[in-house]
Structures are given as C-alpha cells and as structure tokens.
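# A look at the structure
Below are the chains, spelled out letter by letter.
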Amino acid sequence: MGTELWQQALQDAVTSADQLAEYFDFDPRPLMAVAAKYPMRITPYYLGLIEKIGDPIWKQAVPDLHELADDGLTDPLAEEEFSPVPAIVHRYPDRVIFYVSGTCASYCRFCTRKRKVGCADMALSFRDLRQGIDYIAANSQIRDVIFSGGDPLVLPDSVLQDLLARVHAIPHVEIIRIGTRVPVTLPERITDRLCTLLKKFQPLYVNTHFNHPRELTLQATEACARLIDAGIVLGNQTVLLRGVNDSPEIISELFRGLLKMRVRPYYLHHMDLTRGTGHFRTSVKTGLKIIHSLRGPVSGLASPHYVIDLPGGKGKVPLVPQYVKRRGDTLLIQTADGDVVEYPDMPS
Ligand SMILES: *Cc1c(COP(=O)(O)O)cnc(C)c1O
Ligand code: SF4
C-alpha cells in the first residue's frame, strides 16, 4: 500500500527553525541550538493554526531560548526508576504506561518527556515491545494498559493493530487506553480505517490533549467525532501553561468547547518540574483560582481534576480549592459565590 495522506503530512512537517522562517519573519539562528537539543516538528495542519509569532499555538510548538535554562529535573516523575523493562512504567499496582512509540506528530515544547521524545535513544526496538507485552502478561494485577510514548497513533495501522491485539488478548487486562495528541496536531490521522481497527479492542479509552480553544477546529472536531462514533470514549488532558491558557476565560472556553465535541475534560495538569520548561510554569495559586472559577458558572462535566504529579514518582494528587473554612460539629463552607454557609455535620 502507498503512503497515506497523514504519513505524507508527517513527511512535510517543519523540522527546523530555518524552514519555519520561510513562513514567518524572524531570525531562526538563535533557535537552532534549541532544536538541536530538543527536536522540533510541526505538522502542516498545526502550522496553519499559527496566526502570528508568539501566539498560543506558536508557543506550544516553536523552540524558545528559555528551554536551554539549566533548571528543573530531567526525569521529573522518576519514570526511569519505575521502569521494570524499557517500554513499561509501573507505578500504580493495577495500571501501566506502555511506551509504544518514540516520536510524535508535533513536538510540544512543554513535554514532560522532552528528555527523550524524538531522540534516538528513545527509539524502541521490537524486542523492547515484546518485553513490554511479556511483562504485562506476567503481572496479573495489571488491569489497565495505557499506550503512550511519544504518540502511539503515529505508528502504522499494522503495528498498532498487532500491539493492541496482543495486549487485548491478555486475560487480566480489562481496559486499554491510548494517550495521543494526534487529534490536535494531525487530525487527518484519524481515518475511518483506523477507527474500524480501534473498534475491535473495546473497552478502549482515548485521552487526547487540547490546550487552547483555537485548537478546537472543524477538522479536530470531526476527528474526535469519528473516534466517538466508533464507540471509543474520549477524554482530554490539558496542561496549564503560562502565557498559553492560564486564565479562567480561556480554560472555561476550552472545556465548554470540548464538551460540545463530546470530549470530557479529564485532568488539568499542573506543569511538571521538567528541565527546559520553566517558562511555561504557573503558580499553584493560579491553577486553584482557575478551578475555583469553573465551579458554579460552568457545568460540573467541564470541571476536571486539577492534578500535580509529584517528583520522585510519588504520583498524581488532586488539588482542590479550600471550600471548608472551619471544621467541627458545624462546618463553615464557602460557596462558589463566596458566601459562607453553616452546615451541621454528623459526629464521626
Ligand atoms: C498518570 C499515570 C497513570 C494513569 O493515572 P490515572 O490517574 O489512572 O489516569 C498511570 N501510570 C503512571 C506512571 C502515570 O503517571
Ligand atoms: S504529544 Fe505528548 S509526548 Fe509528544 S511531545 Fe507532545 S506532550 Fe510530549
């Protein structure tokens, strides 16, 4: 079979600052050192969403000199420590992350795994994948397998089909999840053929990664609809990014827009302490303020957990605004509007 449209789009992606300078008026030279350290790739579709230099799409996709800052941690979640075999991260008893791909359609500048996505040493061998599957098969407490990477959906259909079939056939695996940014950066990848393939591996959950309302285009909406119509449950993980989406207005527009697309906001992630991403980090206070602003004015369906993934592999913890102002026999609870209401509690 020939090259599919989406594979052609990947080949046509912009992978250097020089190439980007053919589209926008800026000096690419300073950015070349950044792209040499952390690879750059922007699909033609995602490039088309950039309206001007420095806008929210640009910031997510174009290298920035701040990435060379020597701050933060290379492996903020200690994933390597929790990796029994190269393709697996096993931190929670019943679920694992299964790295099936070392590359993505576009590289996000804020990526937690920027130490390795798109780098040669992240490339997975056939042996790594087989070892990963053997590990899942040998550990019967694993119920939930999260295909991740890199982006699993940049794999050819045949490879994806093979991996899904092998994992799906393991009796103790109850659900499979796929984490992918392809609906955001390469919506043409969500072909009918892919949906027919995925449909066979129910129950299948896909978590995608929209960060800004400008990403909710007609093409992205249709890509999500094709997945959902194939019976796949769609969720969304947003990263809170300074200068991109760190305001209540942008986040509520994003989450309401996702609900209209039948995509459920699942997590709002506080930025990890990843080296080279400090310019994207907001304060926790900003995140809590945004979450607080959603409660009441916006549907509960559009209020995901705001989570911080603690360093050292300590795991995700939800952060919740402080609504309980006083504990005791009578609680003092603050409403979303700021009133304080007394609530009689049961003695425990
Ligand atoms: C986030 C994460 C998961 C999945 O967590 P859920 O809260 O179930 O979505 C699993 N393993 C690791 C290592 C993770 O970081
Ligand atoms: S798609 Fe995901 S794994 Fe790939 S660069 Fe973006 S955040 Fe990282």
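Computed from a prediction, not measured in an experiment: that's the story for all the values here.

So, about the site of ligand 2. Around ligand 2 sit Cys104, Tyr107, Cys108, Cys111, Val117, Gly150, Arg181 and His209, and that is every residue in its neighbourhood. Judged by its atoms lying within 2 Å of the grid points, ligand 2 is housed in the largest pocket. A per-class count over the shell around ligand 2 returns five nonpolar, two polar and one charged.

The space that makes up the largest pocket amounts to roughly 1200 Å³. In terms of lining, the largest pocket is formed by 47 residues, of which the most central are Ile97, Arg113, Ser148, Gln237 and His269. Counted by class, the lining of the largest pocket contains 22 nonpolar, 15 polar and ten charged residues.

The next thing to look at is unusual backbone geometry. The step from Gly149 to Gly150 runs through a cis peptide bond, and the omega angle for that step is 20 degrees. With respect to the secondary-structure elements, Gly150 resides in the loop between strand 3 (144-148) and helix 7 (157-168). A cis amide bond, omega -10 degrees, links Gln202 with the succeeding residue Pro203. On the secondary structure map, Pro203 appears in the loop between helix 9 (192-199) and strand 5 (204-208). A positive phi angle is found at Ala78, which is not glycine, with a value near 50 degrees. Within the secondary structure layout, Ala78 lies in the loop between helix 5 (56-61) and strand 1 (88-92). The buried category is assigned to Ala78, whose relative accessible area is 7%. Within the chain, Arg262 stands out as a residue other than glycine whose phi angle is a positive 65 degrees. Relative to the helices and strands, Arg262 is located in the loop between helix 11 (248-260) and strand 7 (264-269).

The next point concerns the pairing of strand 3. Counted residue by residue, strand 3 has five buried out of five residues, so it is predominantly covered. Here strand 3 shows two buried faces, one formed by Asp144, Ile146 and Ser148 and the other by Val145 and Phe147. Across four bridges, the pairing between strand 3 and strand 4 (residues 175-179) is parallel. Within strand 4, the position partnered with Asp144 by the bridge is Ile175. Handedness of the crossover joining strand 3 and strand 4 through helix 7 is recorded here as right-handed.

With that out of the way, let us pick up the site of ligand 1. The immediate surroundings of ligand 1 are formed by Val89, Arg91, Tyr92, Arg95, Ile97, Ile146, Arg177, Tyr266, Tyr267, Asp309 and Lys316. Take Arg95: an N or O atom from its side chain is 2.7 Å from an oxygen atom of ligand 1. Within the side chain of Tyr267, a nitrogen or oxygen atom sits 2.5 Å from an oxygen atom of ligand 1. Relative to its free-state accessible area of 390 Å², ligand 1 is covered by the protein chains to the extent of 89%. If you map ligand 1 onto the pockets, it falls in the largest pocket. For the shell around ligand 1, the elements supplying multiple residues, two or more each, are strand 1, strand 2 (95-99) and strand 7. In terms of residues, the shell around ligand 1 owes the most to one element, strand 1, which gives three residues. A class-by-class count of the residues in the shell around ligand 1 yields six nonpolar, no polar and five charged.

To continue, consider the environment of Leu319. Relative to the helices and strands, Leu319 is located in the loop between strand 9 (315-318) and strand 10 (324-326). Sequence-wise, Leu319 and Arg189 are 130 residues apart; in three dimensions their C-alpha atoms are separated by 35 Å. When near neighbours in sequence (up to four residues on either side) are disregarded, Leu319 contacts Val284, Leu288, Tyr306 and Ile308.

Taken in spatial order, the nine strands of this open sheet run 1-2-3-4-5-6-7-8-9, and their pairing is mixed. The sheet is open, and its two edges are formed by strand 1 and strand 9, each paired on a single side. Neighbouring strand axes in the sheet, compared pairwise and without regard to direction, differ in orientation by 25 degrees on average. On the sheet, helix 12 (residues 284-294) packs against strand 7 and strand 8 (305-310) and is oriented at approximately 160 degrees with respect to strand 8.

What counts, and at which threshold
- Residues numbered from 1 in each chain as written.
- Chains lettered and ligands numbered in written order.
- Predicted model: local features only at pLDDT ≥ 70, side-chain atom pairs only at ≥ 80, totals over all residues.
- Heavy atoms only, no water.
- Near = heavy atom within 4 Å.
- 1 Å grid on protein atoms, 1.4 Å probe; cavity = no way out; pocket = protein on both sides within 12 Å on 5 of 7 lines; lining within 4 Å.
- Sits in = over half its atoms within 2 Å of the grid points.
- Nonpolar A, V, L, I, M, F, W, Y, C, P; charged D, E, K, R; others polar.
- Points joined across faces, edges and corners; volume = space filled by probe spheres on them.
- Helix = DSSP H or I, 4+ residues; strand = E, 2+ residues; numbered from the N terminus.
- Buried < 20%, exposed > 50% of the residue type's maximum accessible area, 1.4 Å probe, protein only.
- Pairing = 2+ DSSP bridges.
- Right-handed = clockwise from strand over helix to strand, strands pointing away.
- Polar contact = N/O pair within 3.5 Å; in protein donor to acceptor, adjacent residues only side chain to side chain.
- Areas by Shrake-Rupley, 256 points an atom, 1.4 Å probe, with all protein chains shown as cover.
- Contact = heavy atoms within 4.5 Å.
- Axes fitted to C-alpha atoms, helices over the stretch in contact; angles between N-to-C directions.

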